[in-house]
Amino acid sequence: MSKDDSSCGRDSCGCGENDETADESFHPMGEDYEEEMREMLDDTEYDTELGMDMAEDAMALIQGEISEAEFHDKYNEAVVEEFDVDDRPTVDAFEEMNAEEDESIFKKLTGGGDIADKLAGLDADTSQSRRDTMKKMGAAGAALGLGGVASAQGGSSDPKDDEYGANPVGDTSDEGTQLGMVIDLNRCDGCLECVTGCIEENNTSSGANWMYVLSYEDESTEQENFLVRPCQHCTNAPCEKVCPVRARHTRDKDGIVLTNYETCIGCRYCQVACPYGVNYFQWGEPDTPFDELMGADGDYDEDSLKEMDYEQRNQLLTENNDHIYDERGMWSDSRPPQGVMGKCTMCPTRQDGHSGEEKQGTVACMEACDAAGMSAIHFGDVNDPESRPRQYMRQRAEQEFARDTELDNGEQWGETVTPWAKLSAFKLLEDLGTRPNITYLGNQPGPEAEQVEGPVSYEQIGVTDNRKEHLDQYTFGAGDD
Ligand code: SF4
Ligand code: SF4
Ligand code: SF4
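Residues numbered from 1 in each chain as written. Chains lettered and ligands numbered in written order. Predicted model: local features only at pLDDT ≥ 70, side-chain atom pairs only at ≥ 80, totals over all residues.

The helix and strand tally for the protein stands at 14 helices and 13 strands. Counting across all 481 residues of the protein, residues that qualify as buried make up 45%. A separation threshold of at least 6 residues defines the contact pool for the protein, and within that pool the share at least 24 residues apart is 69%. (Helix = DSSP H or I, 4+ residues; strand = E, 2+ residues; numbered from the N terminus. Buried ≥ 20, exposed ≤ 12 C-beta atoms within 10 Å, placed from the backbone. Contact = placed C-beta atoms within 7 Å.)

Of all 10 residues that make up helix 6 (residues 193–202), 8 are buried, and the element is covered over most of its length. Along helix 6, the positions that sit buried rather than exposed are E193, C194, V195, G197, C198, I199, E201 and N202. Considering only its buried residues, helix 6 is in contact with strand 4 (212–217), strand 5 (224–229), helix 12 (364–371) and strand 10 (377–381). Of the residues flanking the end of helix 6, it is N203, one or two places downstream, whose phi is positive at about 55°.

What follows deals with the environment of V91. Relative to the helices and strands, V91 is located in helix 4 (residues 91–110). Between the C-alpha atom of V91 and that of N76, which follows or precedes it by 15 residues, the distance is 8.9 Å. Apart from the residues lying within four places of it in its own chain, the contact partners of V91 are H72 and D86.

Right, let's get into the pairing of strand 12 (residues 438–441). On strand 12, burial covers both faces: I438 and Y440 on one face and T439 and L441 on the other are all buried. Pairing between strand 11 (residues 425–426) and strand 12: 2 bridges, direction antiparallel. Counted as the bridge partner of A425 is L441 from strand 12. (Pairing = 2+ DSSP bridges.)

What follows concerns the sheet that holds strand 3 (residues 179–184). One open sheet holds the 4 strands; their spatial order is 10-3-12-11, and the pairing between them is mixed. Every interior strand has two partners, whereas the edge strands, strand 10 and strand 11, have only one. Sheet analysis places strand 3 next to strand 10, joined by 5 bridges and oriented antiparallel. Within strand 10, the residue paired with M181 across the bridge is F379.

Turning our eyes to something else, we now look at the nonpolar core. By size, the foremost hydrophobic cluster in this structure holds 92 residues, and its most contacted members are C194, A273, C365 and I377. The element contributing the most residues to this core is helix 2 (residues 48–62), with 9 residues. For this core, the two domains that each supply at least three residues are domain 1 (31–150) and domain 2 (155–209 + 220–232 + 357–481). In this view, C365 contacts C194, G197, C198, M211, P230 and I377; residues no more than four positions away in its chain are not counted. (Core = buried A, V, L, I, M, F, W, Y, C linked by C-beta atoms within 7 Å. Domains from an automatic or database assignment.)

Okay, the site of ligand 3 next. Neighbouring ligand 3 are 14 residues, the closest being C198, M211, C344, V363 and C365. Taken together, the elements giving at least two residues each to the shell around ligand 3 come down to helix 6 and helix 12. Take the shell around ligand 3: its biggest share by element is 4 residues, from helix 6. Class assignment of the residues belonging to the shell around ligand 3 gives a composition of 10 nonpolar, 3 polar and 1 charged. (Near = placed C-beta within 6 Å. Nonpolar A, V, L, I, M, F, W, Y, C, P; charged D, E, K, R; others polar.)

Here we come to the environment of A371. One can find A371 in helix 12. For the pair A371 and E193, spaced 178 residues apart in sequence, the C-alpha to C-alpha distance is 8.7 Å.

This part covers unusual backbone geometry. Working note: non-glycine residues mostly have negative phi, and peptide bonds are mostly trans. Phi angles above zero are rare outside glycine, and D84 is one such case at about 65°. Looking at the element boundaries, D84 is found in the loop between helix 3 (68–83) and helix 4. Under the C-beta neighbour-count criterion, D84 is labelled exposed, with 9 such atoms within 10 Å. The backbone of L429 shows a phi angle near 50°, a positive value even though the residue is not glycine. With respect to the helices and strands, L429 occurs in the loop between strand 11 and strand 12.

Here the protein averages 79 in pLDDT, while 74% of its residues score no lower than 70. Note that pLDDT drops below 50 for residues 114–161; the model gives that stretch 75 contacts with residues more than four away or on any other chain. (pLDDT = per-residue confidence, 0-100.)

Turning our attention to the sheet that holds strand 4. The strand order 5-4-13 describes an open sheet built from 3 strands, whose pairing is antiparallel. Strands with a single pairing partner mark the edges of an open sheet, and in this sheet they are strand 5 and strand 13 (450–451). Two elements, strand 4 and strand 13, share 2 bridges in a ladder whose sense is antiparallel. Pairing of Y216 across the sheet is with Q451, part of strand 13.

The next thing to look at is helix 3. With 16 residues, helix 3 should cover 22 Å at 1.5 Å per step; its first-to-last C-alpha distance of 20 Å lies more than 12% under that length. Along its length, helix 3 reaches its greatest deviation from straightness, about 50°, at N76. With its phi angle positive at about 65°, D84 sits one or two positions after the end of helix 3. (Expected span 1.5 Å × (residues − 1). Bend = angle between axes of the 7 residues up to and from the residue.)

Another point: the packing of helix 2 against helix 3. For any two helices packed against each other, the geometry is given by the interaxial angle and the distance between the axes. Direction vectors running N to C along helix 2 and helix 3 enclose 165°, while the axes themselves pass 11 Å from each other. Taken together, the axis directions place helix 2 and helix 3 in an arrangement best described as roughly antiparallel. As for how helix 2 packs across helix 3, the hand of that crossing is left-handed. Contacts between helix 2 and helix 3 pair L50, M54, D57 and L61 from the former with E68, F71, K74, Y75, A78 and E82 from the latter. Of the residues contributing to the contact of helix 2 with helix 3, the split by class is 6 nonpolar, no polar and 4 charged. (Axes fitted to C-alpha atoms, helices over the stretch in contact; angles between N-to-C directions. Parallel < 35°, antiparallel > 145°, perpendicular 65-115°, else oblique. Left-handed = near helix turned anticlockwise from the far one by under 90°.)

Turning our eyes to something else, we now look at the packing of helix 6 against helix 12. Their axes nearest at 7 Å, the elements helix 6 and helix 12 cross at an angle of 135°. Accordingly, the angle class assigned to the pair helix 6 and helix 12 is oblique. For the pair helix 6 and helix 12, the crossing hand works out as right-handed. For the pair helix 6 and helix 12, contact is made by E193, C194, T196, G197, C198 and E201 and by A364, C365, E367, A368, C369 and A371, respectively. Taken together, the residues of the contact of helix 6 with helix 12 sort by class into 7 nonpolar, 2 polar and 3 charged.

Okay, here's the thing in structure tokens:
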């Protein structure tokens, strides 16, 4: 829904009234994509400018330009007005900030002196701090618009020392499990088996390719290359920060980013705030009816699930080979219902054991890639040095190191050269601060990369590819400063 009211009160709404950077795109995928997102929001019943503003500031938030509390505060009133609720995950930081302010107020009131003077001083202080906050927000928005993805804060790989020195896998903070992938682009041959595997597992509707493989040519490599792109399951996910009803969320136990299909209201704000373009809205009736989804014929309903404790619920879901609800009883797997947002889930019902022990720790796209004999996708806990992705990384680093050392008769490399240093690894748009949990091995697409037809077309596997035009225009070079 567009905002006809031109007397917009927000600082960076994009309407041009108050925003000095209105003509410059905040979105990493560029101005045209931003415009497309705006038009897309116009087709929903929700406030377009609120969605655009929040997406813009979510980009500033993940770069550490503004705080969670400031972000929450800035949009709280508008979100409540639009959705009757504000359940964004930033509320905790906001409440903490308020508690601190209350404490400071209490100190002022109890610190002696005339109470009327203190109250007057307090009013002045509070309005001053709000003005400062809003000023900072404006500056952050401008910096983001001008600086784009050049600002790199909090997004770099967290070095973990092991036998090779700094590990390029990334967020190895050892704070519990973090599921993710290492994808070796050198092994991918563009067969699209992973795309098919994901569709079969999740019954996604035509055009909703949660797994997407781009074929491209790049001047620097002069050969056909592939970029295998699921959702990046970002640790610092901007899509999550803007969801007014907290349908988009990160699971505590394994760090995967999911959508609670029963909570999602289809506002599409997450789609605008995602820098990677991996969200697919389920416009119409899904191709696969609900009762054909795996496990949907289980002898239970949602209400009875809610009454059960964790153990009972999980046992029931496992017995029914449930492929819909995760272990908390939230419908967050398989294709979404009509009017709800979908994207790659990292197959949570497999991770929860509902598809049998042998499927735990696997995802359908990896299984399909393995079955095709390519083994380009390696899924697992990227915080665990013994997981498949981490072991694979070590193996590849050793191979590269041994190969180059042999070629140079061991003379060129001094003690400071480690196997990791010989490995070409990257994460997509890492400088944004999203902290993606997909690590790629191989060459990063350069600014001159051009999308081309792959060896297997999407038509050949019976799938609509409505992403090509977008990706051709926007993805390549998006991360270049
Ligand atoms: S890549 Fe996935 S987790 Fe990251 S912002 Fe986009 S939708 Fe969210
Ligand atoms: S579309 Fe759904 S998941 Fe996305 S922001 Fe809106 S309510 Fe949240
Ligand atoms: S992890 Fe699961 S949902 Fe994601 S692309 Fe692979 S098969 Fe699809």
